[in-house]
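# Remarks on the overall topology
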Protein chains: 2
Amino acid sequence: MARITQRDIAQLCGLDTSTVSRSLQGDERIHEATRARVVDAARRLGYRPNLAARALVGGRAQVLWLVLASVGATADWRTTHAVTSATESTDYDLFVALHGNDEARYERLLARLAQGLVDGAVVLPRRHVSDERLLRELALRDYPLVLVDVWIDGLPVPAVTTDNDGASRLLARRCAEAGARGFVLLYGDNNPVVRERTAGARAELAALGLPWTEIGSVDDAWQETEPWPDGPLAMLASAQETVLAYCRRNAGRLADRRLVAGCFDEWRGEPSPADRVFVAPQDHDAIARQAVRLLARRVECPNEPTERRVMVQIKPIEEVVPRF
Amino acid sequence: MARITQRDIAQLCGLDTSTVSRSLQGDERIHEATRARVVDAARRLGYRPNLAARALVGGRAQVLWLVLASVGATADWRTTHAVTSATESTDYDLFVALHGNDEARYERLLARLAQGLVDGAVVLPRRHVSDERLLRELALRDYPLVLVDVWIDGLPVPAVTTDNDGASRLLARRCAEAGARGFVLLYGDNNPVVRERTAGARAELAALGLPWTEIGSVDDAWQETEPWPDGPLAMLASAQETVLAYCRRNAGRLADRRLVAGCFDEWRGEPSPADRVFVAPQDHDAIARQAVRLLARRVECPNEPTERRVMVQIKPIEEVVPRF
DNA sequence: CTGTTAGCGCCTTCAC
DNA sequence: GTGAAGGCGCTAACAG
């Protein structure tokens, strides 16, 4: 695999390598005939520019990474494809770096970021992170990073996420409009995202004057400090699974009440204990586009101050008809 | 993001950059004290080697790619994770390059391969390939490539695949042992893999003296040139879906016969028209390991002749109990 | 319009 | 044991 370099072309054409370089870049100043000769020779020789050399001199590799644990879950590969597509329209190439939640692999990957072959990274943070030392270190160096879907409190890295507050309010309102008279909030408080969803629902329900209870774990039962008005009960959660698990655990109490359910992203059409089901579909494509846009800008204008958080609206809330 | 280079360390320590370079590589000849000083300074300054420079001088980037269309399908992300893990134990890092069956993206990706930032690639060929010009071109240059799961006739690139012939024979035999007296082979002939599976089953059934028919498309009905012996009928295919589709289309003819089914990889426990179901699980982990091993060797010993095809045995055939 | 020169960051002879 | 020098392939500033 004898590597063909610009020098080979230069020799063949009786030119200097710098002329070859300029010709290949389509430099205005080069005589059209010369350029044609060079380009032709390059093609004939099967010349491929050496990107390592280019990255070295340019200080840029025109490469972005998507760093995430794995691509098995639906949400993960959707994001993966969305980010890949979003990068299409830029001057960058995107590659996926998987760490499989393995500590060593994660460290190794992040270490590679600041080593000249990657200009920036979209990071899907691990769910149960104890120590984000490495991300923090990169952030300190102003290495271009963008988080998606989730953000990490205290980490000075921009994040592109759903407007969880707004989405949660919409979802609660739709359930109220469907007649719900009491609300069970199953978002939990494991991370900033679900806390924001809880807060949104809370605010909306307060405004509507409807009673609610917040459940930390699907195993907890809810309390009505004073009896709630008659009428359907709404269960709101991030995921379908949570709603179903809760209904299963509290089948007894729920047996004689009509139910409404609301969750994010999708309801996969399993038998449902709720009469009506509403879904708030996150706009993963838009999130990916924004993330890539933000990242590219951070790479190209490192000094420009950057938004700390970009909010993306959900797609219109859908009502799903569950199969029985 | 002022990049720290070996020169910074050299200045700080009052040494030459070459000494720094050697110290950082753990060169034997360097005075232990010097080495310690250098390593310490590097750590304090937050030095990260520039991999573009290293790739340039070394001619190697220590990077491998997995090139595939997408990671949505189960088989694809399984392979992705398997290849990622298999690379763990090598000196290479692996990144995933997705082309989404988009012609332009595919070309751009393959073009990048021979450009100094990637030492070799595991390629999961596209299913419906008209023109593998680019792969052929890379192969011609002896660029290190390895195909997995599938191979392409006439393409001089090593492939790591299941021993489809052997697997298919085993599957046929198990169905015969379960009492099947007639066989419908639904593998089709779209690609070399399924042709090999057809051939394997054919050979086994000939040896067992059992009758079979080969169906090109699930829409075709089968012919018994002379009536088959009484007893259960076996339907063999690469995927569960094919078996189910065929049974659906031929529900009438099959209604009064007992059925046995056999397929590759998995049977996802849907209601089944067959009493007994056998699955030949491909060993994706082993395939990935072999592929990475082969690729690494091709990168490191470019002149050494390479195996054209590596066959991996399936895992033991499983009987699945379908839910009704 | 094109050649000369210098340098990106690192590694590797070759000297001392 | 360490320094000096050269080069990997490419680009950019400066000449002419």
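Residues numbered from 1 in each chain as written. Chains lettered and ligands numbered in written order. Predicted model: local features only at pLDDT ≥ 70, side-chain atom pairs only at ≥ 80, totals over all residues. Heavy atoms only, no water.

### Focus: the relation of the copies chain B and chain A
The operation linking the two copies of the chain is a rotation about an axis combined with a translation along the axis. Once turned by 180 degrees and shifted 0.1 Å along the axis, chain B lies on chain A with an RMSD of 0.1 Å. Here the two chains are linked by the operation of a two-fold rotation axis. A share of 100% of the interface residues of chain B reappears at the interface of chain A, consistent with the copies meeting face to face through the same patch. (Least-squares fit on C-alpha atoms with pLDDT ≥ 70 in both. Contact = heavy atoms within 4.5 Å.)

### Remarks on the confidence of the model for chain A
When pLDDT is averaged along chain A, the result is 91; 96% of the residues meet or exceed 70. Ranking the helices and strands of chain A by mean pLDDT puts helix 8 (residues 164–177) of chain A first, with 98, and helix 11 (residues 251–254) of chain A last, with 82. (pLDDT = per-residue confidence, 0-100. Helix = DSSP H or I, 4+ residues; strand = E, 2+ residues; numbered from the N terminus.)

### A look at the sheet that holds strand 10 (residues 276–280) of chain A
Residue and element names in this part refer to chain A. Here we have six strands laid out as an open sheet, ordered 7-6-8-9-10-12, and mixed in their pairing. On the outer flanks of this sheet lie strand 7 (212–214) and strand 12 (318–320), each paired with one strand and no other. On average, each strand axis in the sheet is tilted by 20 degrees relative to the strand beside it, whichever way the strands run. As defined by bridge partners, strand 9 (residues 259–264) adjoins strand 10 across five bridges and the pair is classed as parallel. Opposite Phe264, over in strand 10, you have Ala280 as the bridge partner. (Pairing = 2+ DSSP bridges. Axes fitted to C-alpha atoms, helices over the stretch in contact; angles between N-to-C directions.)

### Notes on the interface of chain B and chain A
Counting residues at the interface gives 45 residues for chain B, matched by 45 residues for chain A. Both faces combined, the contact of chain B with chain A buries some 4100 Å², and carbon together with sulfur accounts for 56% of it. On the surface where chain B and chain A come into contact, there are four salt bridges. One salt bridge connects Asp93(A) with Arg112(B), and the closest N-O pair in it is separated by 2.4 Å. For the pair chain B and chain A, the number of links is 15 residue pairs in polar contact (both at pLDDT 80 or more). Of all the secondary structure elements, the ones that give two or more residues to the side of chain B that touches chain A are helix 4 (51–58), strand 1 (63–68), helix 5 (74–88), strand 2 (93–98) and helix 6 (103–113) of chain B. Looking at the side of chain B that touches chain A, its residues break down into 22 nonpolar, twelve polar and eleven charged. (Buried area = accessible area lost by both parts, 1.4 Å probe. Salt bridge = Lys/Arg side-chain N within 4 Å of Asp/Glu carboxyl O. Polar contact = N/O pair within 3.5 Å; in protein donor to acceptor, adjacent residues only side chain to side chain. Nonpolar A, V, L, I, M, F, W, Y, C, P; charged D, E, K, R; others polar.)

### A short note on the protein's contact with DNA strand D
The full set close to DNA strand D counts 24 residues, and Gln6(A), Tyr47(A), Arg54(A), Thr19(B) and Thr34(B) are the nearest of them. Note that a sugar or linking oxygen of DNA strand D is positioned 3.0 Å from one of the backbone N or O atoms of Arg29(B). Counting only elements with at least two residues in the surface near DNA strand D, the list comes to helix 2 (17–24) and helix 4 (51–58) of chain A together with helix 2 (17–24) and helix 4 of chain B. Residues of the surface near DNA strand D, tallied by class, amount to eight nonpolar, eleven polar and five charged. (Near = heavy atom within 4 Å.)

### A short note on the protein's contact with DNA strand C
In the vicinity of DNA strand C, 25 residues are found, and the nearest of them are Asp16(A), Ser18(A), Thr19(A), Thr34(A) and Tyr47(B). Taking all atoms of DNA strand C within 4 Å of the protein, the share assigned to sugar and phosphate is 67%. Here Thr19(A) contributes a side-chain N or O atom positioned 2.5 Å from a phosphate oxygen of DNA strand C. Between DNA strand C and Thr34(A), the relevant distance is 2.6 Å, taken from a phosphate oxygen to a side-chain nitrogen or oxygen of the residue. At the level of elements, helix 2 and helix 4 of chain A together with helix 1 (6–13), helix 2 and helix 4 of chain B are the ones that each hand at least two residues to the surface near DNA strand C. Grouping the constituent residues of the surface near DNA strand C by class yields eight nonpolar, eleven polar and six charged.

### Re the packing of aromatic side chains
As enumerated under the stated definition, the model contains four aromatic pairs over all chains in all. Arranged with centres 4.5 Å apart and planes meeting at 40 degrees, the rings of Phe95(A) and Trp65(B) form a pair that is tilted. In this pair, Phe95(A) sits in strand 2 (residues 93–98) while Trp65(B) sits in strand 1, so the two residues belong to two different chains. The class for Trp65(B) is buried, based on a relative accessible area of 3%. (Phe/Tyr/Trp six-rings, centres within 6.5 Å; stacked < 30°, edge-to-face > 60°. Buried < 20%, exposed > 50% of the residue type's maximum accessible area, 1.4 Å probe, protein only.)

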